[in-house]
Amino acid sequence: SSQYEFILTSRPEPGVTLITLNRPKVLNALCSPLFVELNKAVVEADNDDSVGAIVLTGSERAFAAGADIREMKDKEYADVYKNNFLESWQDLTKTRKPIIAAVSGYALGGGCELALMCDIILASPTAKFGQPEINLGVIPGGGGSQRLTNAIGKSRAMELILTGRTFTAQEAEKWGMVSRVVGEGEGEVVKEAVAVAKEISSKGKIAVQAAKEVVNAAYELNLAEGLRFERRIFHGLFATKDQKEGMTAFAEKRKAQFTNS
Ligand code: CAA
């Protein structure tokens, strides 16, 4: 919609918000105002009861080619430290609803990190991931050293971050960083991500939120704490109407009508 300068938002299916990064001339380089808009659009979708899941995408050529190097070039330590530069990027991870990244083309540096902040990554065969910050005299600053390492393991993450070499959609799939490589063809990855988002949107929203919360806890808690957390959240769902409806519908051999309550 026209309320934003650097992103587009739309509703391709009922229950699905599609956010498209829109700085085509610079391959969706992630400048600070873009992230302000992105965070705003995500919070809006998160607070909209009619939305069940969010899809985040870029263009065919680039999901995002990284943080905006022109914006960063002349920054001084005092600025970046005082303003905690890039800290606000992770606001995205506080979203309660699932976010699916649909990645085509370059997803480099901050672009790769942005995809890794999402809950599911679907990749086009054209996707090209990487953490090339080492070539700029810096290191990943948007979570890459932690999330990429969690996603693909230490040895691979170390090699990629130290050499800056890019990796393909097929490699990302083999290593478990993306859930699937979809068929080629323009718009295919967005179509598929929207279909997944639509399916998630048809489930009970309380259970979806709980499921996202417990899976993400696997990256923060040890096994005993994580299992206890999962069980408590599971127990809590027995206080919802959706649990009664879901299990009654199964017993009555009909489709559940969730009311998100
Ligand atoms: N920041 C600012 N501008 C960028 C950019 C970025 N990250 N990536 C691309 N652009 C701009 C280019 O400067 C160019 O602009 P002009 O036409 O005005 O010169 C335009 O986008 C098109 O790019 P190219 O002409 O370079 O296109 P290409 O097809 O030859 O190459 C590319 C594509 C390999 C992606 C190349 O653009 C590139 O290497 N980009 C930088 C990638 C990078 O280093 N990303 C990491 C950034 S640091 C970071 O992200 C820190 C962090 O951890 C958060």
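Conventions used here
- Residues numbered from 1 in each chain as written.
- Predicted model: local features only at pLDDT ≥ 70, side-chain atom pairs only at ≥ 80, totals over all residues.
- Heavy atoms only, no water.
- Near = heavy atom within 4 Å.
- Polar contact = N/O pair within 3.5 Å; in protein donor to acceptor, adjacent residues only side chain to side chain.
- Areas by Shrake-Rupley, 256 points an atom, 1.4 Å probe, with all protein chains shown as cover.
- Helix = DSSP H or I, 4+ residues; strand = E, 2+ residues; numbered from the N terminus.
- Buried < 20%, exposed > 50% of the residue type's maximum accessible area, 1.4 Å probe, protein only.
- Pairing = 2+ DSSP bridges.
- Phe/Tyr/Trp six-rings, centres within 6.5 Å; stacked < 30°, edge-to-face > 60°.
- Lys NZ or Arg CZ within 6 Å of the ring centre and 35° of its normal.
- 1 Å grid on protein atoms, 1.4 Å probe; cavity = no way out; pocket = protein on both sides within 12 Å on 5 of 7 lines; lining within 4 Å.
- Points joined across faces, edges and corners; volume = space filled by probe spheres on them.
- Nonpolar A, V, L, I, M, F, W, Y, C, P; charged D, E, K, R; others polar.
- pLDDT = per-residue confidence, 0-100.

What surrounds the ligand is a group of 25 residues, the closest being Arg61, Ile69, Gly110, Glu133 and Gly141. The separation between an oxygen atom of the ligand and a polar main-chain atom of Gly141 is 2.8 Å. Taking 980 Å² as the accessible area of the ligand by itself, protein coverage stands at 66%. Elements supplying a minimum of two residues to the shell around the ligand: α2 (69–72), β6 (106–108) and α4 (110–117). If you tally residues by element for the shell around the ligand, the top one is α2, at 3 residues.

By the criterion of burial, strand β5 (residues 99–103) is predominantly enclosed, with 5 of the 5 residues buried. Sheet topology note: the strand β3 (residues 53–57)/β5 ladder contains 4 bridges and is parallel. Paired with Leu56 across the strands is Ala101, a residue of β5. Direction of pairing for β5 relative to strand β7 (residues 120–123): parallel, over a ladder of 4 bridges. Bridge assignment links Ala102 to a residue of β7, and that residue is Leu122.

Right, let's get into the packing of aromatic side chains. Applying the stated criterion across every chain yields a total of 5 aromatic pairs. Where Phe167 meets Trp175, the ring centres are 5.4 Å apart and the plane angle is 40°; that geometry is what we call tilted. The pair formed by Phe167 and Trp175 is uniform in burial state, with each residue classed as buried. Joined through ring pairs, the aromatic side chains of Phe129, Phe167 and Trp175 make up one cluster. Looking at Lys75, its charged tip hangs above the ring of Phe85, at a distance of 5.0 Å from the centre.

What follows is about the layout of surface pockets. Approximately 1000 Å³ is the volume attributed to the largest pocket. Lining the largest pocket we find 32 residues, and of these Met117, Cys118, Asp119, Asn216 and Tyr219 sit closest to its centre. Among the elements of the structure, α4, β7, α5 (144–152) and α9 (205–217) are those that each provide at least two residues to the lining of the largest pocket. The element contributing the most residues to the lining of the largest pocket is α9, with 9 residues. Grouping the amino acids of the lining of the largest pocket by side-chain chemistry returns 18 nonpolar, 7 polar and 7 charged. When its volume is computed, the second largest pocket comes out at roughly 530 Å³. Around the second largest pocket sit 25 residues that line it, and Met72, Phe85, Glu133, Val138 and Ile139 are the ones nearest its centre. Elements that contribute at least two residues to the lining of the second largest pocket include exactly α2, α3 (77–82) and α4. Looking at the lining of the second largest pocket residue by residue, the class counts come to 15 nonpolar, 5 polar and 5 charged.

As a further point, take the confidence of the model for the protein. Do not read the fine detail of predicted coordinates wherever pLDDT is low. Summing up the model confidence of the protein, the mean pLDDT is 97 and the portion of residues at 70 or higher is 99%. Model confidence for the complex: the whole-complex pTM is 0.98, and ipTM, which rates the interface, is 0.98.

We now examine unusual backbone geometry. A positive phi angle is found at Leu86, which is not glycine, with a value near 80°. With respect to the secondary-structure elements, Leu86 resides in the loop between α3 and β5. Leu86 gets classed as buried once you look at its relative accessible area, which sits at 17%. We note that Asn260 has phi near 55°; this positive angle belongs to a residue other than glycine. For Asn260, the position within the fold is in the segment after α11 (241–251). You can call Asn260 partly exposed: its relative accessible area is 33%.

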